[in-house]
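Listed below are the residues making up each chain.
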Amino acid sequence: MIFYFDNAATSWPKPESVYKAMDNFARHIGGNPGRSAHRLSIAGAKIIYETRELLANLFGINDSSRIIFTANATEAINLGLKGILKKNDNVIVSSFEHNSVMRPLRFLEKELNISITVVPPSSSGPVDIKELEKNISDQTKLIVISHISNVTGEILPVNEIGSIARKYNILFMVDGAQSAGSIPINLAEIGVSLFAFTGHKGLMGPQGTGGLYIAPDVDLIPLKQGGTGSRSEYEEQPDFLPDKYEAGTPNTVGIAGLGAGVKFILNTGIEKIWKKKKSLSQYLLERLKSIKDVQIYGSFKEDKLPIVSFNLGKIQPSKVAQLLDEKYKIMVRPGLHCAPLAHRTIGTFPEGTVRISLGYFNTEKEIDYLIKCLKKINKSV
Amino acid sequence: MSKENKQICVITFHSTYYALKAEDIFKKSGVKVKLIPVPRSLSSNCGICLEFSCREKEKILNLVKIHKIKTEKIIIDGSPILNIVWSVNGQ
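Here the structure is a predicted model, which means the values were calculated and not measured.

Chemist: Break down the overall build of chain B for me, citing the residues and quoting the values.
Modeler: Of the regular secondary structure elements, chain B holds two helices and five strands. Put simply, chain B runs from its N terminus to its C terminus through helices and strands in the order β-α-β-β-α-β-β. Per-residue burial for chain B yields a buried fraction of 53% across its 91 residues. In chain B, the share of contacts with a sequence separation of at least 24, taken over all contacts with a separation of at least 6, comes to 60%. For chain B, the exposed area adds up to about 4,700 Å²; of that, 52% sits on carbon and sulfur atoms.

Below is the structure:
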């Protein structure tokens, strides 16, 4: 038996319906969506349409044509940043951003001379809101905030930041890599300009799926141009959504799986999923605290995801992870979790931490086993 | 219009997305429609369009209006009706 505690990297296992939907597409449908008019092409196009509608339903959006499919959250974030930012613009980010945000920004810093303002946490929360507001200037084009930290599981105050962005007429992008499918989300309420998500984490779909929601008043320059199956007589890219941003044959087999994942979430109820994740988080934190020499980083709040970073005495994170895998078949992730900025913020750079991230299918019993094994490792090393 | 198009009642769309969105809305409203390849004489846009019985034209036109369905052309009895089209860019 395998114990999988690496759901913030990718969720596993998936609901049975996800495997079935992908197998069904690959085996029985297979057509190129929207390219031809035969039944298999139409069936493929319907899968994509339905997945878009399901996502719109989950995120509280009326117009599903504003959801653009991408390969992952990283591509969605790149589309957002590179489609908006121009020479000398200023971008404000939190100090918990993932490299999926920081690396394109550092690239644009060199290419377009943009400036990047990193807002530190305050004594009471992960983002110092007053500091953020103080840093807004005439050059500030965009605020980018990670919805939930992939290192600590803590939720960042996106509603509050969204209203500041609106007040100053600044675009607001939320990185929902960890939040989509895990907590209730109403994009209209948050007031996002852009919301990037991945399909293979909380949404329970396969890897290679994700997307970007683009609010009605936002126009972006596309990352790519190419065939869409529409307006074939023109050599120019169509200017309507979703075709404008979706050149090339999509990952239909993946999107079929993603649709099944979102359907599973809607049928189960996002409130129920969120409740279970909160309770797993509290149980994990309580049990971890019972281990001598354990140092837990980040928040102990009740409203957080079961993503917990810790270190065990002076044992290197990579050693703890290796022993958990080799001796006990427990999968966790050590190191910096592609988020050096977040690790600097919580004071664990460059050594990093051991990260446990639980999914909807994990149980308290599995956590008990993990704790037992960590105690053994603590004694033996 | 050629003779063969005389009795045709179809809606064409800019994108497959809008064709499927329209089909979804019509079906939920209990109007029978069918996705067919776009007759080349009508458009070279997205590959599929919606065909419906010309007897349903009042219902269809009404639903297009109410739901602001984004169409390219609406062809009734073989003639394009342009005054109620909600174009993608014109909205």
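Anyway, onward from the coordinates.
Chemist: Tell me about the packing of helix α3 (residues 73–84) of chain A against helix α4 (residues 99–112) of chain A, and name the residues and values.
Modeler: All names here are of chain A. Axis separation between α3 and α4 bottoms out at 9 Å; the angle between their running directions is 35 degrees. Crossing of α3 against α4: the hand is right-handed. Contacts between α3 and α4 involve T74, I77, N78, L81 and K82 from the former and S100, V101, P104, L105, F107 and L108 from the latter. In the contact of α3 with α4, the residues fall into seven nonpolar, three polar and one charged.

Chemist: Account for the interface of chain B and chain A, naming residues and giving values.
Modeler: Contacts between the two partners involve 20 residues from chain B, matched on the other side by 22 residues from chain A. For the chain B and chain A pair, buried surface summed over both sides reaches about 1,600 Å², with 51% attributable to carbon and sulfur atoms. Residues K21 of chain B and E53 of chain A are paired through a salt bridge, measuring 2.9 Å at the closest nitrogen-oxygen approach. Put simply, chain B and chain A have seven residue pairs in polar contact (both at pLDDT 80 or more) between them. Those elements that provide at least two residues to the side of chain B that touches chain A are α1 (16–28) and β2 (33–37) of chain B. For the side of chain B that touches chain A, the element with the most residues is α1 of chain B, which contributes eight residues.

Chemist: I'd love a proper account of the environment of E16 of chain A, names of residues and values included.
Modeler: Along the chain, E16 of chain A turns up in helix α1 (residues 16–29). Taking the C-alpha atoms as reference, E16 of chain A lies 42 Å from D128 of chain A; in sequence the two are 112 residues apart.

Chemist: Give me the pattern of salt bridges: which residues, what numbers.
Modeler: Residue and element names in this part refer to chain A. Tallied over the full model, the rule gives 19 salt bridges over all chains. A salt bridge links K134 to E131; its shortest N-O distance comes to 3.6 Å. Of this pair, K134 and E131 both sit in helix α5 (residues 129–134), separated by three residues, roughly a single helical turn. K134 sits in the exposed class, given a relative accessible area of 66%.

Chemist: Got a sec to walk through the sheet that holds strand β12 (residues 333–335) of chain A? Specific residues and values, please.
Modeler: Residues and elements named next belong to chain A. Ordered by their spatial adjacency, four strands build an open sheet running β9-β10-β13-β12, and the pairing between neighbours is antiparallel. Edge positions in the sheet fall to β9 (294–297) and β12, since each of these pairs with one other strand and no more. On average, each strand axis in the sheet is inclined to that of its neighbour by 30 degrees, with strand direction left out of account. Here strand β10 (residues 307–312) runs beside strand β13 (residues 353–357); their pairing, made up of four bridges, is antiparallel. Its bridge partner being in β13, I307 is matched across the sheet by S357. The sheet strands contacting helix α9 (residues 270–289) are β9, β10 and β13, and the helix crosses β9 at an angle near 150 degrees.

Chemist: Go over the domain arrangement of chain A with me, naming the residues and quoting the values.
Modeler: All names here are of chain A. Partitioning chain A into domains gives domain 1 (16–268) and domain 2 (270–380). Of note, the centres of domain 1 and domain 2, computed from C-alpha atoms alone, are 28 Å apart. Contact residues are listed per partner, giving 30 residues for domain 1 and 28 residues for domain 2. For the pair domain 1 and domain 2, the summed buried area comes to about 2,300 Å², and 67% of that belongs to carbon and sulfur atoms.

Chemist: Help me get a handle on α1 of chain B, residues and values and all.
Modeler: Think of an α-helix as 3.6 residues a turn; residues three or four steps apart then line up on the same face. Relative to the 18 Å expected for 13 residues at 1.5 Å per residue, α1 of chain B spans 18 Å between its end C-alpha atoms, a close match to the ideal helical length. Of all the 13 residues making up α1 of chain B, ten are buried; the element is thus mostly covered by neighbouring parts of the structure. Those residues of α1 of chain B that sit buried are T16, Y17, Y18, A19, L20, A22, E23, D24, I25 and F26 of chain B. Check the buried side of α1 of chain B and you find it contacts α2 (39–59) of chain A together with β1 (10–12), β2, β3 (48–52) and α2 (57–66) of chain B. Capping of α1 of chain B at its N-terminal end is provided by S15 of chain B; its side-chain oxygen lies 3.0 Å from the backbone amide nitrogen of Y17 of chain B. Remark: G30 of chain B follows α1 of chain B within two positions and exhibits a positive phi of approximately 80 degrees.

Chemist: I'd love a proper account of the packing of α1 of chain A against α2 of chain A, names of residues and values included.
Modeler: Residue and element names in this part refer to chain A. Contact pair α1 / α2: the axes reach a minimum separation of 11 Å and the direction vectors enclose 165 degrees. Classified by the interaxial angle, the pair formed by α1 and α2 is roughly antiparallel. You can see that α1 and α2 cross each other, and the crossing is left-handed. Taking contact as the criterion, the partners of F25, H28 and I29 in α1 are, on α2, L40, A43, G44 and I47. Classifying every residue of the contact of α1 with α2 by side-chain character gives five nonpolar, two polar and no charged.

Rules used in this analysis
Residues numbered from 1 in each chain as written. Chains lettered and ligands numbered in written order. Predicted model: local features only at pLDDT ≥ 70, side-chain atom pairs only at ≥ 80, totals over all residues. Heavy atoms only, no water. Helix = DSSP H or I, 4+ residues; strand = E, 2+ residues; numbered from the N terminus. Buried < 20%, exposed > 50% of the residue type's maximum accessible area, 1.4 Å probe, protein only. Contact = heavy atoms within 4.5 Å. Areas by Shrake-Rupley, 256 points an atom, 1.4 Å probe, with all protein chains shown as cover. Axes fitted to C-alpha atoms, helices over the stretch in contact; angles between N-to-C directions. Left-handed = near helix turned anticlockwise from the far one by under 90°. Nonpolar A, V, L, I, M, F, W, Y, C, P; charged D, E, K, R; others polar. Buried area = accessible area lost by both parts, 1.4 Å probe. Salt bridge = Lys/Arg side-chain N within 4 Å of Asp/Glu carboxyl O. Polar contact = N/O pair within 3.5 Å; in protein donor to acceptor, adjacent residues only side chain to side chain. Pairing = 2+ DSSP bridges. Domains from an automatic or database assignment. Expected span 1.5 Å × (residues − 1). Parallel < 35°, antiparallel > 145°, perpendicular 65-115°, else oblique.

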